[in-house]
Amino acid sequence: MDLRVFTEPQQGATYETLLRVAKAAEDLEYGAFFRSDHYVHMGSVDGLPGPTDAWITLAGLARETNRIRLGTLMTAGTFRLPGVLAIQVAQVDQMSGGRVELGLGAGWYEIEHTAYGIPFPKEKIGRLEEQLAVVTGLWSTPIGERFTFDGTYYRLKDSPALPKPAQAKVPVLIGGHGARRTPALAARYADEFNIPFASVEDTERQFGRVRAAARKAGREPGELVYSNALVACVGRTDSEVRRRADAIGRDVDELKANGLAGSPAEVVERIARYAAVGSQRMYLQMLDLDDLDQLELIASEVAPQLG
């Protein structure tokens, strides 16, 4: 089981805070540092000092870390034109020496679009499909050749399809709970399928849909990595768990039911249930970014038991 750190900076974080977390995650040998891509906070927090841009953040971290992989869960397709996004991700991949992964989703949080004047189209899945075709098409076009795309939403003509990422293939993540179109998109474009904040039962059901879609598309289901994203709240004692739950405004029982909460032993057992239905990678949603001790606890007492 590959453990990765997943942050939600729109809830309130500076770049310096994210850098501290990313460096700690690297030092503690987590597999990756990922962040969400939102411009407005959610819930009762004030979100101060305000949002940071996902790809500007990752560009900075690319130069200030050395080993850890970097990515998004998920970049909102509504935020960026696909040609521009392909350039941004390729450049950050070069800056990192080939450590970037692109999670790309349709975009869903209408409030942040209204707040910053970003169009929020009704038809988002069709746009996402074309975005995936454009981004992957630009990267895979051989140097010296041109890329043309004539879609319903996006049109590119005689693009030089540059720059290229450092990696021969930037891993693409697609995720969600959709029963039909999401698995089909994953089967066609994804290297990894992620289901966020899902029960073991819903995870098993959705992974099955993705595997079936992969077979239908002519791919081996095992070509994809299957992963979950769940909130983490881990403590050595009940009082420590409660303190960490209070710090993020959550109830311990709710966290145990819907996330990875409790003692290290409880969390190991919980992760094992997800592994049993096919999960290979776990994104630990860390909501208190000042609590680096929790990262150390998970690295020292949970990760070694997962193999």
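Please refer to the structure higher up on the page.
Fair warning: this is a prediction, and the values are worked out from it, not measured in the lab.

Here is what the cut-offs are and how they apply
- Residues numbered from 1 in each chain as written.
- Predicted model: local features only at pLDDT ≥ 70, side-chain atom pairs only at ≥ 80, totals over all residues.
- Heavy atoms only, no water.
- Helix = DSSP H or I, 4+ residues; strand = E, 2+ residues; numbered from the N terminus.
- Rg over C-alpha atoms; globule rule 2.2 N^0.38 Å.
- Buried < 20%, exposed > 50% of the residue type's maximum accessible area, 1.4 Å probe, protein only.
- Contact = heavy atoms within 4.5 Å.
- Polar contact = N/O pair within 3.5 Å; in protein donor to acceptor, adjacent residues only side chain to side chain.
- Salt bridge = Lys/Arg side-chain N within 4 Å of Asp/Glu carboxyl O.
- Core = buried A, V, L, I, M, F, W, Y, C linked by side-chain atoms within 4.5 Å.
- Phe/Tyr/Trp six-rings, centres within 6.5 Å; stacked < 30°, edge-to-face > 60°.
- Lys NZ or Arg CZ within 6 Å of the ring centre and 35° of its normal.
- Axes fitted to C-alpha atoms, helices over the stretch in contact; angles between N-to-C directions.
- Parallel < 35°, antiparallel > 145°, perpendicular 65-115°, else oblique.
- Nonpolar A, V, L, I, M, F, W, Y, C, P; charged D, E, K, R; others polar.

1. Focus: the overall build of the protein chain
In terms of helices and strands, the protein chain carries 11 helices and 12 strands. Against the compact-globule benchmark of 19 Å for 307 residues, the protein chain has a radius of gyration of 19 Å, which places it among compact chains. For the protein chain, with 307 residues in total, the buried portion stands at 56%. A separation of at least 24 residues holds for 73% of the contacts in the protein chain among residues at least 6 apart in sequence.

2. Topic: the side chain of histidine 38
On the secondary structure map, histidine 38 appears in the loop between strand E2 (32-35) and helix H2 (54-64). A relative accessible area of 11% places histidine 38 in the buried class. Reaching out from histidine 38, the side chain makes a polar contact with the side chain of glutamate 112 at a distance of 2.9 Å.

3. As for the pattern of salt bridges
Any two side chains of opposite charge can pair, so long as their charged atoms come close to each other. Scanning the entire structure with this criterion turns up 21 salt bridges. Across the pair aspartate 53 and arginine 80 runs a salt bridge whose closest N-O atoms are separated by 2.7 Å. In this pair, aspartate 53 is assigned in the loop between E2 and H2 and arginine 80 in the loop between strand E4 (75-76) and helix H3 (82-96), connecting sequence segments 27 residues apart. As a salt-bridge pair, glutamate 266 and lysine 256 come within 3.3 Å of each other at their nearest N and O atoms. One end of the pair, glutamate 266, is in helix H10 (residues 264-276); the other, lysine 256, is in helix H9 (residues 252-258), and 10 residues separate them in sequence. Using a relative accessible area of 34% as the deciding quantity, one classes glutamate 266 as partly exposed. Lysine 256 sits in the partly exposed class, given a relative accessible area of 31%. Taken together, the salt bridges that share partners define one network made up of Asp2, Arg4, Arg69, Glu101, Glu192 and Arg281.

4. Some words on unusual backbone geometry
Among all residues except glycine, the phi angle is most often negative; among peptide bonds, the trans geometry is most common. Each neighbour pair has its own omega, and for leucine 48 with proline 49 the value is 10 degrees, a cis peptide bond. Checked against the element boundaries, proline 49 lands in the loop between E2 and H2. Going from leucine 73 to methionine 74, the amide bond is cis rather than trans, its omega being -20 degrees. With respect to the helices, strands and loops of the structure, methionine 74 is situated in the loop between strand E3 (69-72) and E4. Located in the positive-phi region is glutamate 29, a residue other than glycine, with phi close to 70 degrees.

5. Quick look at the side chain of glutamate 130
For glutamate 130, the position within the fold is in helix H5 (residues 125-140). Among the polar contacts made by the side chain of glutamate 130, one reaches the main-chain amide nitrogen of threonine 152 at a distance of 2.7 Å. A polar side-chain atom of glutamate 130 sits 2.9 Å from the main-chain amide nitrogen of tyrosine 153. In contact with glutamate 130, not counting residues within four places along its chain, are Phe149, Gly151, Thr152, Tyr153 and Tyr154.

6. Notes on the nonpolar core
Formed by 77 residues in total, the largest nonpolar core has its most connected members in Tyr30, Phe33, Trp55, Trp139, Leu284 and Ile298. Of all the elements, H5 adds the most residues to this core, at 7 residues. For leucine 284, the residues in contact, after removing those within four places along its chain, are Leu3, Arg4, Val5, Phe6, Tyr30, Leu230, Ala232, Leu260 and Ile298. Ranked by size, the runner-up nonpolar core spans 8 residues in total, among them Val231, Cys233, Val241 and Ile248.

7. Details of the packing of aromatic side chains
Taken as a whole and assessed by the stated rule, the structure comprises 7 aromatic pairs. With centroids separated by 6.5 Å and ring planes inclined at 10 degrees, the aromatic side chains of phenylalanine 147 and phenylalanine 149 adopt a geometry described as stacked. In this pair, the class of phenylalanine 147 matches that of phenylalanine 149, namely buried. Here the aromatic cluster, defined as three or more aromatic residues joined through ring pairs, consists of Tyr39, Phe79 and Tyr116. It is lysine 124 that lies over the ring of phenylalanine 120; its NZ or CZ is 4.3 Å from the centre. The side chain of arginine 211 reaches across the aromatic face of tyrosine 226, ending 4.5 Å from its centre.

8. Brief notes about the packing of H5 against helix H6 (residues 181-189)
The description of two packed helices rests on the angle between their axes and on the distance between the axes. Two elements in contact, H5 and H6, have axes whose closest approach is 11 Å; the angle formed by their N-to-C orientations is 5 degrees. As summarised for this structure, H5 and H6 are arranged roughly parallel, according to the angle between their axes. Between H5 and H6, the contacting residues are Ile125, Gly126, Leu128, Glu129, Leu132, Ala133 and Thr136 on the first element and Arg181, Leu185, Arg188 and Tyr189 on the second. Its residues assigned to classes, the contact of H5 with H6 comprises 6 nonpolar, 2 polar and 3 charged.

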